[in-house]
Amino acid sequence: LSSSEIIAEGVTTFCVGGYVVLSGNKGGKWNTGEETTSISVKSSGMYYVINTNECGNVISNSIIVNVNPLPLCRIDGKDTFCEGQSTQLCATGGMGYFWNTEETSPCIEVNKESTYFISVSDSNGCISTCSKKVSEMLSPSCLITGDLNPKAGKITALCVRAEMASYLW
């Protein structure tokens, strides 16, 4: 009884979303239960083949696969800014940063309404992307109603829109 000799057709350490093909099964059963000549592996673990006949079992060499998690990408900062001003967005979760504005620092100052994307990479070279939509709030318009030129000795009422948050006369 001879054992299968399995090989990895690529790297055995990669990021979530990747895979490696292990091949070399000659009539045995993978420890995953499959009986194919090759398998695509997307999970961490030890992989091997068991060849069996009436005389017993023999186990192939084993290959260890390591799947690294993706960094947790997050953007902090306000999602609105006032007309003529700006807001700061800061990303966390990695060691390397690349914004769709082509900036490479963790924080950027934005003054344009848009959706901002960032790719965050970690020490394993794994990359994740997140985004934040930022909107510009227009300055409130001030409309005063009433008689703006009252005659001497006359009383007049001046009014502004009631939906404003605060007033300063």
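Predicted, not measured: the structure shown is a model, and the values here were computed from it.

Caption draft 1: Examining the sheet that holds strand S2 (residues 13–15) more closely. With mixed pairing, the three strands of this open sheet are ordered in space as S2-S9-S6. What marks the edges here is a single partner per strand, and that holds for S2 and strand S6 (45–47). On average, each strand axis in the sheet is inclined to that of its neighbour by 30°, with strand direction left out of account. In the sheet, S6 pairs with strand S9 (residues 63–68) via three bridges, with the strands oriented antiparallel. From the neighbouring strand, Tyr 47 faces S9, where its bridge partner is Ile 63.

Caption draft 2: Quick peek at unusual backbone geometry. Of note, the phi angle at Glu 102 is positive, near 75°, even though the residue is not glycine. Along the polypeptide, Glu 102 turns up in the loop between strand S13 (96–99) and strand S14 (107–110).

Caption draft 3: Structural view of the environment of Gly 33. Looking at the element boundaries, Gly 33 is found in the loop between strand S4 (29–30) and strand S5 (38–41). For the pair Gly 33 and Ile 50, spaced 17 residues apart in sequence, the C-alpha separation works out to 9.8 Å.

Caption draft 4: Just the pattern of salt bridges, in detail. Tallied over the entire structure, the rule returns two salt bridges. Residues Lys 29 and Glu 35 are paired through a salt bridge, measuring 3.8 Å at the closest nitrogen-oxygen approach. Lys 29 gets classed as partly exposed once you look at its relative accessible area, which sits at 40%. Residue Arg 74 pairs with Asp 76 through a salt bridge whose shortest N-O separation is 2.8 Å.

Caption draft 5: Seen up close, the nonpolar core. In this structure, Leu 89, Trp 99, Tyr 116 and Ile 118 are the most contacted members of the largest nonpolar core, which totals 14 residues. When contributions to this core are tallied by element, the ones reaching two or more residues are strand S12 (87–92), S13, S14, strand S15 (114–121) and strand S16 (127–137). The greatest single-element share of this core, amounting to three residues, is contributed by S15. Among all residues touching Trp 99, those that are not within four sequence positions of it are Ile 75, Leu 89, Ala 91, Ser 105, Pro 106, Cys 107, Ile 108, Tyr 116, Phe 117 and Ile 118. Judged by nonpolar contacts, the second largest core, of 12 residues, contains Ile 6, Leu 22, Tyr 47 and Val 65.

Definitions and limits used
Residues numbered from 1 in each chain as written. Predicted model: local features only at pLDDT ≥ 70, side-chain atom pairs only at ≥ 80, totals over all residues. Heavy atoms only, no water. Pairing = 2+ DSSP bridges. Helix = DSSP H or I, 4+ residues; strand = E, 2+ residues; numbered from the N terminus. Axes fitted to C-alpha atoms, helices over the stretch in contact; angles between N-to-C directions. Salt bridge = Lys/Arg side-chain N within 4 Å of Asp/Glu carboxyl O. Buried < 20%, exposed > 50% of the residue type's maximum accessible area, 1.4 Å probe, protein only. Core = buried A, V, L, I, M, F, W, Y, C linked by side-chain atoms within 4.5 Å. Contact = heavy atoms within 4.5 Å.

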